[in-house]
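Each chain, written out:
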Amino acid sequence: MTNAGMPRPFDRRGAAAVGRTVGMVMAIFALLIIASLSVNSCSVTVESGYMGIKTTKFGPNPGVQPEELGPGFHWEGIGEKIRTYQTLQRTYSYTREPNSDGTENEEITFSDVLGLPMTADVALTFRVQENKAADLYATWRQEYDAFIDGPLRTSVRAAIARETEKLPVACNAQQAASSAAPAPLPAAPANGAPAAPVVASAPTATGEEEDCPGQLIGPGRQIVLQRAMQALQREWTPQGLEIIRMEWIGSIRYPESVIQAIQSRTTAEQNTRAALERVNLERANAEARIAQARGQAEANRLLAESIRSNPEVVRLREIERTLGLCPLSASTCVIGQGVNLAQLIESRDAAATSPR
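Residues numbered from 1 in each chain as written. Predicted model: local features only at pLDDT ≥ 70, side-chain atom pairs only at ≥ 80, totals over all residues. Heavy atoms only, no water.

Focus: helix H3 (residues 144-164)
Taking 1.5 Å per residue, 21 residues should reach 30 Å; H3 reaches 29 Å between its end C-alpha atoms and fits that length. Approximately 35° is the largest bend angle found in H3, and it occurs at Leu152. (Helix = DSSP H or I, 4+ residues; strand = E, 2+ residues; numbered from the N terminus. Expected span 1.5 Å × (residues − 1). Bend = angle between axes of the 7 residues up to and from the residue.)

So, the pairing of strand S8 (residues 117-128)
Burial runs high along S8: 10 of the 12 residues are buried. In the sheet, strand S6 (residues 90-94) pairs with S8 via five bridges, with the strands oriented antiparallel. Looking across to S8, one finds that Ser93 is bridged to Ala123. Taken together, the four bridges between strand S7 (residues 108-111) and S8 define a ladder with antiparallel strand orientation. Bridging from a neighbouring strand, Ile108 pairs with Ala120 of S8. (Buried < 20%, exposed > 50% of the residue type's maximum accessible area, 1.4 Å probe, protein only. Pairing = 2+ DSSP bridges.)

A look at the pattern of salt bridges
For the structure shown, the criterion picks out 11 salt bridges. Here Glu80 and Lys54 are joined by a salt bridge, their closest N and O atoms 3.7 Å apart. On the criterion of sequence distance, the pair formed by Glu80 in strand S5 (residues 80-86) and Lys54 in strand S2 (residues 50-56) is long-range, its members being 26 residues apart. Residue classification places Glu80 among the partly exposed residues on the basis of a relative accessible area of 27%. Its salt-bridge partner being Arg90, residue Asp101 comes within 3.7 Å of it at the nearest N-O pair. Taken as a pair, Asp101 in the loop between S6 and S7 and Arg90 in strand S6 lie far apart in primary sequence, 11 residues in all. The network of salt bridges with common partners includes Arg96, Glu107, Asp121 and Arg253. (Salt bridge = Lys/Arg side-chain N within 4 Å of Asp/Glu carboxyl O.)

Some remarks on the packing of H3 against helix H6 (residues 220-236)
Relative to each other, H3 and H6 sit at 130°, their axes nearing to 8 Å. Taken together, the axis directions place H3 and H6 in an arrangement best described as oblique. By crossing handedness, the relation of H3 to H6 is classed as right-handed. The segment H3 lies against H6, with Phe147, Pro151, Leu152, Ser155, Val156, Ala159, Ile160, Arg162, Glu163 and Thr164 engaging Val224, Leu225, Arg227, Ala228, Ala231, Leu232, Glu235 and Trp236. Taken together, the residues that form the contact of H3 with H6 break down as 12 nonpolar, two polar and four charged. (Axes fitted to C-alpha atoms, helices over the stretch in contact; angles between N-to-C directions. Parallel < 35°, antiparallel > 145°, perpendicular 65-115°, else oblique. Left-handed = near helix turned anticlockwise from the far one by under 90°. Contact = heavy atoms within 4.5 Å. Nonpolar A, V, L, I, M, F, W, Y, C, P; charged D, E, K, R; others polar.)

Considering unusual backbone geometry
The phi dihedral of Arg141 is positive, around 50°, even though this residue is not glycine. One can find Arg141 in the loop between helix H2 (133-140) and H3.

Side note on the sheet that holds S5
One open sheet holds the three strands; their spatial order is S3-S2-S5, and the pairing between them is antiparallel. The two strands at the open ends of the sheet, each matched to only one other strand, are strand S3 (63-64) and S5. Here S2 pairs with S5 via seven bridges, running antiparallel. If you follow Tyr50 over to S5, its bridge partner there is Gln86.

Quick look at the packing of aromatic side chains
Following the criterion strictly, the structure yields seven aromatic pairs and no others. Geometrically, the ring pair formed by Trp140 and Phe147 is tilted, given 6.4 Å between the ring centres and 55° between the ring planes. Look at Trp140 and you get partly exposed, because its relative accessible area is 33%. Relative to Trp236, the ring of Phe147 has its centre 5.4 Å away and its plane inclined at 85°; by these criteria the two rings are edge-to-face. Placement of the pair is Phe147 in helix H3 and Trp236 in helix H6, with a sequence separation of 89 residues. Residue classification places Trp236 among the buried residues on the basis of a relative accessible area of 0%. Members of the aromatic cluster, joined through ring pairs, are Tyr85, Tyr137 and Tyr144. (Phe/Tyr/Trp six-rings, centres within 6.5 Å; stacked < 30°, edge-to-face > 60°.)

Take a look at the structure:
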């Protein structure tokens, strides 16, 4: 009987060694996977332009840690959480329409001194100070994007509203109806003296500033935004947020009633100016006719004086009118049939027009 069908001891030892090797490789691979997952789940990489903020649940000082974590790799221990806050300068647009900053309606609402509601789109440029990122988070306990959409937007709206409530949307816009009536025209002088031309009245810059120091349709629009930005800087700079710039995006969306009132007032002012220009033209034409009549009267007066001082002029005129055919003392003049009166008149006119 032979041992050909029985496994050799060497083969059994080789198979066991291969099995142990494969098991060790699989165990090492599993350990690497577990270690990699542990590192990824228990560490945070802070990119350049960001600061890390660590919060802890255990230890002598739980809560937000006052020291910011700079760019680099940071380990999260048990009960620790590291979140990142952007410290790069950023411009965020609060708009009605969707944009790259979000799809929701974030327009800013406010009102004027009369309580007329308005809305507008606003762009805010700001930056979180690197050494105060932890303090800013400790105060508001909101992530970076949630902070922009929440407390910061509320503060922007409140700052703008405080300033717009001090100004009217438009100076005298609510009095458009009274402005439409033209001013009463001055009566013509009784003594025949030339009347002073009527000039359409327009508010001067000084009077405009005294009666209405600003308006949201006009220079007040930028004044309001500048003062609101200054208020935001006073509020947020101590908390670690630098407000760099704030500006309107497009124009303010005014109430329809205000736009119609302003258009009515503008139309009324244009009509008033046109009416006053027509009055001035009529007065000028009347003065021209008066001057012409005065000139004619003066000419007649001089002619009458000339005739009174020289009676021969009257005699010459009579001769000219009768063509010398009738005696001056005759009360009745009969011209015979042989006289061609038309030819005599033509000869007289020719002699009068011929050069001497």
